[in-house]
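Spelled out, the chains give:
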Amino acid sequence: MPALNHIPPEIRCALDYETQAPRFIAAPTLAYIEGGSGHDRSVVANRAAYARWAITPRLLRDVSAGNTGVTLAGMNMAHPLMLGPVAFHNLVHPGGERETVRAAAAMDCPVIASTQSSCTLEQLAQSAGPQRWFQMYLQPQRADTLDLLRRAEAAGYGAIVLTLDAPIQVASLRTLAAQFQLPPQCVPVNLAGYTAAQEPAVAAGASRILQGLMAAAPSWDELRWLVGQTRLPVWAKGVMHADDALALRAAGVAGIIVSNHGGRSLDGAPATLDVLPAIRAALGTDMPIVFDGGIRSGSDVFKALALGADAVAIGRLQLYALAVAGALGVAHMLKLLREELEICMALAGCASIEDIRATALFHQRDHH
Ligand code: FNR
């Protein structure tokens, strides 16, 4: 069904956009969006982790001067929500990313534009608000990476997000079973004219994965080179281990995004929520952390902040809201998430994001 130009009455909370999405997205496309790599183990883990934590109500606290504002590496945000990088929004709406980022701008929500967007980064920037970052993959040719970087700088993006957790593409069994193929309008227009990755030849008996594809994967040298090429802060996305976080900081990255690619890369990776506390503990309080994976409600946001995140990025939920009601749906989804977060703050006695950060969650060991 094409997107509505009103909010359907069934939508009462942010999660309802996921529930309603199957009415608006064809089954094979939905399998591609929902599915993770392999058996969806990490997709399931991301969601399940929230149920192991609870938020304890606190009484008689004055939150009447409360607000959701937060400063992330010098960027003043009205609330701790961002839209994370998600490829090809025109899969679910003909307006694509331009529709999504207009809504985000109206809701004071920073966006991270994907390299694999269905319009160019320049077009996207024209519809987006001032708080926009650009997500990059290192290209096979340094000259192409540099060109992409210079274009992002020229188009006014405020930070570069380097996604490091997907050096090889992993098949999703659900997507294969649904026989999904990207439609012809989903082409990475940002990369037009650049040299595409080519599978290197491997000697007989050698591994196609290890000696072939991974031999061409990004390295620490490449990362340090990129950091040295730009004045923009460079963030690393896909961090799941404290030692990687520390090494990335030492290599000059400005912040990290704790993420397992929404369960779409290493199937069997832990839930992002479960690794967050150790990464925060290793980094201390100075290094900014954005978190993603399974955020579907304001209480999920609260829990991620309480366990160490400074802000969270929304993945799939933005495509679901876009499919249901276009820009209106995306704006409404963000409004609902923010209100759900505010309700948690009010009832947990938190007047600020700092208060949430200082809150100890209740661990529900025996939850089923
Ligand atoms: C993604 N993600 C992603 N990440 C990235 O760095 N570049 C990209 O182009 C994409 N594309 C993409 C497409 C689709 C369909 C999905 C579902 C995800 C990962 C994304 O940024 C984020 O890490 C996860 O989506 C977060 O998990 P949730 O919120 O979807 O559960």
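Residues numbered from 1 in each chain as written. Predicted model: local features only at pLDDT ≥ 70, side-chain atom pairs only at ≥ 80, totals over all residues.

Turning to the overall build of the protein, a few remarks are in order. Per the secondary structure count, the protein includes 14 helices and 12 strands. Here the C-alpha atoms of the protein give a radius of gyration of 20 Å, agreeing with the 21 Å that 2.2 N^0.38 yields for 368 residues. Along the first, second and third principal axes, the C-alpha atoms of the protein reach 70 × 50 × 45 Å. Across the 368 residues in the protein, those meeting the buried criterion constitute 47%. (Helix = DSSP H or I, 4+ residues; strand = E, 2+ residues; numbered from the N terminus. Rg over C-alpha atoms; globule rule 2.2 N^0.38 Å. Buried ≥ 20, exposed ≤ 12 C-beta atoms within 10 Å, placed from the backbone.)

A positive phi is found at Phe88, a non-glycine position, where the angle reads about 45°. Turning to its location among the elements, Phe88 is positioned in the loop between β4 (81-83) and α4 (96-106).

Another aspect to go through is the packing of helix α12 (residues 298-306) against helix α13 (residues 316-348). Where α12 meets α13, the axes come as close as 7 Å, and the angle between the chain directions of the two elements is 60°. When the interaxial angle is binned, α12 and α13 end up oblique. When you trace α12 past α13, the crossing you get is right-handed. Between α12, through Gly298, Ser299, Val301 and Phe302, and α13, the contact on the second element is made entirely by Leu337, Glu339, Glu340, Leu341, Ile343 and Cys344. Of the residues that constitute the contact of α12 with α13, the class distribution is six nonpolar, two polar and two charged. (Axes fitted to C-alpha atoms, helices over the stretch in contact; angles between N-to-C directions. Parallel < 35°, antiparallel > 145°, perpendicular 65-115°, else oblique. Left-handed = near helix turned anticlockwise from the far one by under 90°. Contact = placed C-beta atoms within 7 Å. Nonpolar A, V, L, I, M, F, W, Y, C, P; charged D, E, K, R; others polar.)

Moving on, we get to α13. Between the first and last C-alpha of α13 there are merely 27 Å, a value that for 33 residues lags more than 12% behind the 48 Å anticipated at 1.5 Å per step. Along its length, α13 shows its largest kink, about 135°, at Ala325. Immediately downstream of α13, the backbone of Gly349 shows phi near 70°, a positive value. (Expected span 1.5 Å × (residues − 1). Bend = angle between axes of the 7 residues up to and from the residue.)

Quick look at the nonpolar core now. Counting 104 residues, the largest nonpolar core has Val161, Leu162, Ile256, Val258, Ala304, Ala309 and Val312 as its most contacted members. Looking at which element gives the most residues to this core, the answer is α13, with 19 residues. Residues in contact with Val258, not counting those within four places in the same chain, are Val239, Met240, Thr272, Val275, Leu276, Ile279, Ile289 and Phe291. (Core = buried A, V, L, I, M, F, W, Y, C linked by C-beta atoms within 7 Å.)

We now examine the site of the ligand. Looking at the ligand, there are 22 residues lining it, with Ser114, Thr163, Gly262, Gly315 and Arg316 nearest. Looking at side-chain class alone, the shell around the ligand contains six nonpolar, 12 polar and four charged residues. (Near = placed C-beta within 6 Å.)

Note that Leu336 resides in helix α13. Residues Leu336 and Tyr137, 199 residues apart in the sequence, show an inter-C-alpha distance of 32 Å. Residues contacting Leu336, with those up to four places away along its chain left out, are Cys13 and Ala14.

Moving on, we get to the confidence of the model for the protein. Across the protein, pLDDT averages 97, with 99% of residues at or above 70. Both scores are available for the predicted complex, with the pTM at 0.98 and the ipTM at 1.00. (pLDDT = per-residue confidence, 0-100.)

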